[in-house]
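Listed here are the chains, written in short residue letters.
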Amino acid sequence: MNNILQFLFYILIFPGFAFCVVAGLLIAGIDRKLVARMQKRIGPPILQPTYDFLKLLGKETIIPRHAARKVYLAAPVVGLLSLVTVSLFIPIFNFSIFDKPVADLIVIIYLLTIPGVALIIGGSASGSPYAGVGISREMVAILSYELPLVIVLLTIGRKVGMALDGNITFSLKAIVDYQAQYGPMIAQWSMIPAAIALLLVIPCKVGSLPFDIAEAEIEICEGPLVEYSGPPLGIFKLNHAIKMFIMTSLFVTLFLSGAGTNFVALNVLIQFALAVVVTFISISVLKAITARLRVEQTFKFYWTYPTALALLSLVLVWLGL
Amino acid sequence: MKFPFLKEAITSLTKKPSTELYPLVKKEAPEGYRGRIKFHADKCINCGMCIRVCAPDAITRTIEKTEEGDKITFQFYLGQCTFCQMCADFCAKKAIELTKDYSMVGTDEEDFMVRGTFIKKLPPKPPVPPAGAAPAAAKAPAAAPAATEKPAEKAEDKKEEK
Amino acid sequence: MFKKLIEKGIEKSPWLLHINTGSCNGCDIELVSVITPRYDAERMGFKLAGTPRHADIVVVSGPITSQSKERLVRTLAQVPDPKVVVSIGSCPRSCNVFHGSYSVEGPLDRYCDVDVSIAGCPPKPEAIIDGLAKAVEILKTKRRGK
């Protein structure tokens, strides 16, 4: 009984639903404000994504005649649930909901593709040609960034595994323990190319310039979201904000983590502050100064530069450095 | 890979933003701005040049006859005006003026009408000539045929000369 | 309590949709310049939406030409409630210099109720900000009256 209540608390409040929503909307607001200040204007207030979400809850939902109704309404909810599940697996300094190491890196790799697939399914259920163009672009985007992402995660697993027992390990808790012992992963010089590769993968995953070919705003009338309105659109925008928080929090756990302090609340604040710094470096700066790349340019970019950096790190780690 | 404007982006974080805080701090339009129309009805003489010159036909005039004279109303519809200032340029008495008021927001038609009314008194009619004009009238027709004969002779002389 | 939160959301985050039905582009240039850093309208939450399904405030410019009449009516029908229609410039109000032409189908009043008009040819960006602020108030009363 005690266990069930504790797990309900984990799922609904602390690293689960409420925490994700609050942290995600805050990070999205901070990102918009930073972009505005870099473009020399006063931006929207930090709570602006919250106001957007509340407003969308109050609009009416219009379902087009050619749409597949149940899939159309269920797609955003599936994306939200998978993101909340990923957030349960990420340890925050020395706090984790699992006691023993589990193979959670593999689970994260395939759970992280579900929000993209939910966007594709929602778009194709709309029955609009603009959505068709948008979902084909989203598929190309997923293809482009999966390769460097998987290589980086395997590299980190191998490095930590060699220090533990000589084999590759797939547990995030083991990665955090390794960093508590030897210092943050980014301080090891053979992992720096992998860190840069992951910083370049984050904008495409999150859907921000210069790689936001899927949700291209004015170009193809917002791509897969073209026929959504009201609460389903609100949940898609919420997914977008939570994805920002999850990816930057994952980067902090993989590369900048450590022992942390003894208080959980302080650990959460430090993780959030580091996530804001990572957002600034990888998402905001690029969003403020660049334009959008074309589809084939994005694909070519991801399969040359970040893949080369990640492979360099993989080779260095496999050689034992 | 080139990142354009990277240095300017990072240094702009520390500088003050260059936004004008409009609703809180009002701003004045520059000199010579053509804004809302102001009509001085006391200077108008009802010549109608502005109506003739207005390109979108935004000016209408209505006349009402009263015992003092004509009550003339000019109506400028700002929803059709294109603010070219031709009416003010052509007005002989400078009765139309375009001010610097640029904020013209409204919800129905009445917010956009600028009207001016004035009363134009006609000048008094000339007096009717008295009855002693009959002999003068008899003399005039006698003199008239004599006058017409003379130019006819002159015309024949000219034709023979040619 | 929940209604109050949603009302606060509507007040602080209205999204615009811009429809050009054959205008000379003067009003369009002034509208887009409201989003630039000098008159930043994003601090009040305004954002140009890409599709009619995402918009709250519809900004129409231009006299309605014969070719764009059908498309305008169809696009206006796709905007979800509650919505506010704003006409910018003097063309949608009364066709300005184009009235009586063979290809102009008349003022916007014939096709939908216009809530706010902004006069000017073209209006100054500050006048546009005034008009949009008034449109947000009307949007709030529409939501409350639901």
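Worth saying up front: this structure is predicted, and the values here are computed from it rather than measured.

### Re the overall build of chain B
- Per the secondary structure count, chain B includes 4 helices and 6 strands.
- For chain B, the α and β elements follow one another from N to C terminus as α-β-α-β-β-α-β-β-β-α.
- Burial status across chain B gives 17% buried among its 162 residues.
- A sequence separation of at least 24 residues applies to 78% of the contacts in chain B between residues at least 6 apart.

### Looking at the pairing of strand β2 (residues 59–66) of chain B
All names here are of chain B.
- Note: β2 against strand β3 (residues 69–77), 8 bridges, orientation antiparallel. Paired with R61 across the two strands is F74, which belongs to β3.
- Counting the residues in the hairpin turn of β2 and β3 gives 2 residues.

### With respect to the interface of chain B and chain C
- Each side of the interface is counted separately: chain B has 21 residues, and chain C has 24 residues.
- Grouping the constituent residues of the side of chain B that touches chain C by class yields 11 nonpolar, 8 polar and 2 charged.
- Here strand β5 (residues 105–106) of chain B pairs with strand β5 (residues 116–118) of chain C via 2 bridges, running antiparallel. Within the sheet, the bridge partner assigned to G106(B) lies in β5(C) and is S117(C).

### Comments concerning the interface of chain C and chain A
- At the interface, 19 residues of chain C touch 27 residues of chain A.
- Ranked by residue count, the leading element in the side of chain C that touches chain A is helix α1 (residues 2–12) of chain C, at 6 residues.
- In terms of residue class, the side of chain C that touches chain A is made up of 5 nonpolar, 6 polar and 8 charged.

### Digging into the sheet that holds β3(B)
All names here are of chain B.
- Pairing in this open sheet of 3 strands is antiparallel, and the strands run β2-β3-β6 from one edge to the other. Only two strands of the sheet have a single partner each, and these edge strands are β2 and β6 (113–120). For this sheet the average axis-to-axis angle between neighbouring strands, irrespective of direction, equals 20°.
- As paired strands, β3 and β6 are joined by 8 bridges and run antiparallel to one another.

### Examining the sheet that holds strand β4 (residues 84–88) of chain C
- Spatially, the 6 strands line up as an open sheet ordered β5(B)-β5(C)-β4(C)-β3(C)-β1(C)-β2(C), and their pairing is mixed. With partners counted over all chains shown, the strands left at the sheet margins are β5 of chain B together with β2 (47–48) of chain C, one partner each.
- Helix α5 (residues 125–144) of chain C rests against β5 of chain B together with β3 (57–61), β4 and β5 of chain C of the sheet, and its axis sits at about 180° to β5(C).

### Here we look at the confidence of the model for chain B
- Mean pLDDT over chain B: 79, with 80% of residues reaching 70 or higher.
- At the level of individual helices and strands, chain B shows its lowest average pLDDT in helix α4 (residues 134–161) of chain B, which scores 52, and its highest in helix α2 (residues 49–53) of chain B, which scores 91.

### Focus: helix α2 (residues 17–38) of chain A
- Compared with the 32 Å implied by 1.5 Å per residue over 22 residues, the 32 Å span of α2(A) between its first and last C-alpha is a close match.
- The secondary structure elements touched by the buried residues of α2(A) are α3 (48–57), α4 (69–89), α10 (231–255) and α11 (264–289) of chain A together with α1 (6–11) of chain B.
- After α2(A) finishes, the residue K40(A) shows a positive phi value of roughly 60°.

### Topic: unusual backbone geometry
- Omega for the peptide link from D81(C) to P82(C) comes to -10°, which places this bond in the cis form.
- Secondary-structure assignment places P82(C) in the loop between α3 (66–77) and β4.
- C121(C) connects to P122(C) through a cis peptide bond whose omega is -5°.
- Tracing the sequence through the fold places P122(C) in the loop between β5 and α5.
- Here the phi dihedral of Q85(B) falls at roughly 70°; this positive angle occurs in a residue that is not glycine.
- Even without glycine at this site, N25(C) takes up a positive phi of about 75°.

### Comments concerning the packing of α2(A) against α11(A)
Residues and elements named next belong to chain A.
- Orientation of α2 relative to α11, taken along the N-to-C sense of each, is 45°, at an axis distance of 9 Å. Relative to α11, the element α2 is oriented oblique. The hand of the α2/α11 crossing is right-handed. Counting all contacts with α2, which are made through A23, I27, I30, D31, L34, V35 and M38, the residues of α11 involved are F272, A275, V276, T279, F280, I283, S284, K287 and A288.
- Taken together, the residues of the contact of α2 with α11 break down into 12 nonpolar, 2 polar and 2 charged.

### Comments concerning the packing of α2(A) against α10(A)
All names here are of chain A.
- Viewed as axis vectors pointing N to C, α2 and α10 meet at an angle of 85°, and their least axial separation amounts to 7 Å. With respect to each other, α2 and α10 are oriented roughly perpendicular. The residues of α10 that touch α2, namely those facing C20, V21, A23, G24, L25, I27, A28 and D31, are L238, A241, I242, M244 and F245.

Conventions adopted
Residues numbered from 1 in each chain as written. Chains lettered and ligands numbered in written order. Predicted model: local features only at pLDDT ≥ 70, side-chain atom pairs only at ≥ 80, totals over all residues. Helix = DSSP H or I, 4+ residues; strand = E, 2+ residues; numbered from the N terminus. Buried ≥ 20, exposed ≤ 12 C-beta atoms within 10 Å, placed from the backbone. Contact = placed C-beta atoms within 7 Å. Pairing = 2+ DSSP bridges. Nonpolar A, V, L, I, M, F, W, Y, C, P; charged D, E, K, R; others polar. Axes fitted to C-alpha atoms, helices over the stretch in contact; angles between N-to-C directions. pLDDT = per-residue confidence, 0-100. Expected span 1.5 Å × (residues − 1). Parallel < 35°, antiparallel > 145°, perpendicular 65-115°, else oblique. Left-handed = near helix turned anticlockwise from the far one by under 90°.

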